[in-house]
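# Observations on chain architecture
One-letter residues, chain by chain:
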Amino acid sequence: MQSQSIHPDIVDTYLVGVGAGAWPTWNSPDGAYITYTAQAIQAYGATPMFTFFQMAQNGGGNLSGINDATFMNNYWAQARLMYQRIAALNAPVLINLEPDFWGFVWAEAPGHDPAQIPAVVSSQAECSGLPNTAAGVGQCLVQMGRKIAPNALLGFPPSFWSGSPAELGAEMKAVGAHQADFIVAQTSDRDAGCLEVASPPAECAGRTGTPYWDANNIATPNFHQSQSVISDYRSALSNGLPILWWQTPMGVPSATPGGTNQHYRDNRVDYMLHNTQEYGDIHTFAIVFSPGGAFQTSINTDGGQFARLLGQYLTQGGATLR
């Protein structure tokens, strides 16, 4: 970023794992990784954002750990440590709470009701009155955060793998998403071209659909459809939260499908930074861009696209937010 004079407002960092080798041990056994990382981001003039991704420890779709006392006591201890470290920063910090997990809960819960999956929750002092269910897990993440780190701004990412915006809105209200501070709209975690090649790397294999969005907003999928889905979800959540688009891939537009490792095509940076007012009009306050995988396009391989378009956007004065 320094070499390209890129000065973002937000820098996102993952916190992953539960137990041995998890994020609290990365700098020291007391979670200093959060402090060091956040201070470096603040020194660069940006607001820290942490993506709290602990539930994937046992495998993305494996929910067995949430009703295991040993696993969840470690899980909650790390959540508490995260909030304590963030509280000590005494400045705003964004937290993206458990991407993908809520999609797996939706898929596995009887009747898609997170209150029907048992979980270890009320054993935690901050959450003693909450239900011991997957719904209670989300509620506890909010309640613990409010009690320990009032400077933390919390967001939940619904997973639109199946289900309507209204249905997912009902699920996410049950887990406490309407009590958070913002909505996380998951753009994608892969360049479109990575899903188009005949022999994709493992991180892109097994995905279906048409990944390259129509910038003319005529064919499906397109950008206006994506905006509409999130707007409908926001309405279903019914509390007027602002939207943060997250993990937006960084490929460069091309009329030729596919590409090569770290140079796969995508048009979301191009479209979103040329049409940012569209996003401001639907209550967006931020768009977070990132490669999302080792083989995806990044600021190191995009030929300067992100630096150029971000510079143009800022020179023009930015978008008006609603």
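Since we're looking at a predicted model, the values are computed, not measured. (Residues numbered from 1 in each chain as written. Predicted model: local features only at pLDDT ≥ 70, side-chain atom pairs only at ≥ 80, totals over all residues. Heavy atoms only, no water.)

Per the stated rule, a full pass over the model turns up two disulfides. Note on cysteine connectivity: Cys 194 is disulfide-linked to Cys 204, with sulfurs 1.9 Å apart. On the sign convention where negative is left-handed, the bridge of Cys 194 and Cys 204, at about 105° about the S-S bond, is right-handed. Residue Cys 194 is found in the loop between strand E5 (182–186) and helix H6 (223–237), and its partner Cys 204 is found in the loop between E5 and H6; the two are separated by ten residues along the sequence. The same class applies to Cys 194 as to Cys 204, namely buried. The cystine pairing of the protein chain, numbering bonded cysteines in sequence order, is 1-2, 3-4. (Disulfide = S-S within 2.5 Å. Helix = DSSP H or I, 4+ residues; strand = E, 2+ residues; numbered from the N terminus. Buried < 20%, exposed > 50% of the residue type's maximum accessible area, 1.4 Å probe, protein only.)

In a beta sheet, neighbouring strands pair by backbone hydrogen bonds and run either parallel or antiparallel. Read from one edge to the other, the open sheet built from seven strands follows the order E1-E2-E3-E4-E5-E6-E9, with strand pairing classed as parallel. In this open sheet, the two edge strands, each paired with only one partner strand, are strand E1 (10–16) and strand E9 (284–289). Here the strands of the sheet are splayed against their neighbours by 25° on average, with no regard to which way each runs. As paired elements, E1 and strand E2 (residues 47–53) share seven bridges and run parallel to each other. Its bridge partner being in E2, Ile 10 is matched across the sheet by Thr 47. (Pairing = 2+ DSSP bridges. Axes fitted to C-alpha atoms, helices over the stretch in contact; angles between N-to-C directions.)

With that settled, consider the packing of helix H5 (residues 165–174) against H6. Look at H5 against H6: their axes get within 8 Å of each other, and the N-to-C directions meet at 45°. Between H5 and H6, the interaxial angle falls into the category oblique. As for how H5 packs across H6, the hand of that crossing is right-handed. Residue-level contacts link Pro 165, Ala 166, Leu 168, Gly 169, Met 172 and Lys 173 of H5 to Val 229, Asp 232, Tyr 233, Ala 236 and Leu 237 of H6. The residue makeup of the contact of H5 with H6, split by class, is eight nonpolar, one polar and two charged. (Parallel < 35°, antiparallel > 145°, perpendicular 65-115°, else oblique. Left-handed = near helix turned anticlockwise from the far one by under 90°. Contact = heavy atoms within 4.5 Å. Nonpolar A, V, L, I, M, F, W, Y, C, P; charged D, E, K, R; others polar.)

This part covers the environment of Gly 145. Secondary-structure assignment places Gly 145 in helix H4 (residues 134–148). Since its relative accessible area comes to 1%, Gly 145 is described here as buried. It is 9.2 Å that separates the C-alpha atoms of Gly 145 and Ala 87, two residues lying 58 residues apart in sequence. Setting aside anything within four residues of it in sequence, one finds Gly 145 in contact with Tyr 83, Cys 140 and Pro 150.

Let us look at the packing of aromatic side chains. Applying the stated rule across the entire model yields 15 aromatic pairs. A centroid spacing of 4.9 Å and a plane angle of 85° characterise the contact between Trp 26 and Tyr 33, whose relative ring orientation is edge-to-face. Exposure remark for Tyr 33: the relative accessible area of 19% places this residue in the buried category. Plain terms: the ring middles of Trp 245 and Tyr 279 are 5.4 Å apart, the flat faces sit at 90° to each other, and that makes the pair edge-to-face. Placement of Trp 245 in strand E6 (residues 243–248) and of Tyr 279 in helix H8 (residues 276–281) is noted, with a sequence separation of 34 residues between them. Considered together, Trp 245 and Tyr 279 belong to a single accessibility category, that of buried residues. (Phe/Tyr/Trp six-rings, centres within 6.5 Å; stacked < 30°, edge-to-face > 60°.)

Let's shift gears to the environment of Thr 284. Looking at the secondary structure, you find Thr 284 in strand E9. Sequence separation between Thr 284 and Ala 185 is 99 residues; the distance between their C-alpha atoms is 9.6 Å. Ignoring sequence-local partners within four residues, the contact set of Thr 284 consists of Ile 243, Trp 245, Tyr 279 and Leu 321. Within the structure, the side chain of Thr 284 is placed 3.0 Å from the backbone oxygen of Tyr 279, a separation counted as a polar contact. (Polar contact = N/O pair within 3.5 Å; in protein donor to acceptor, adjacent residues only side chain to side chain.)

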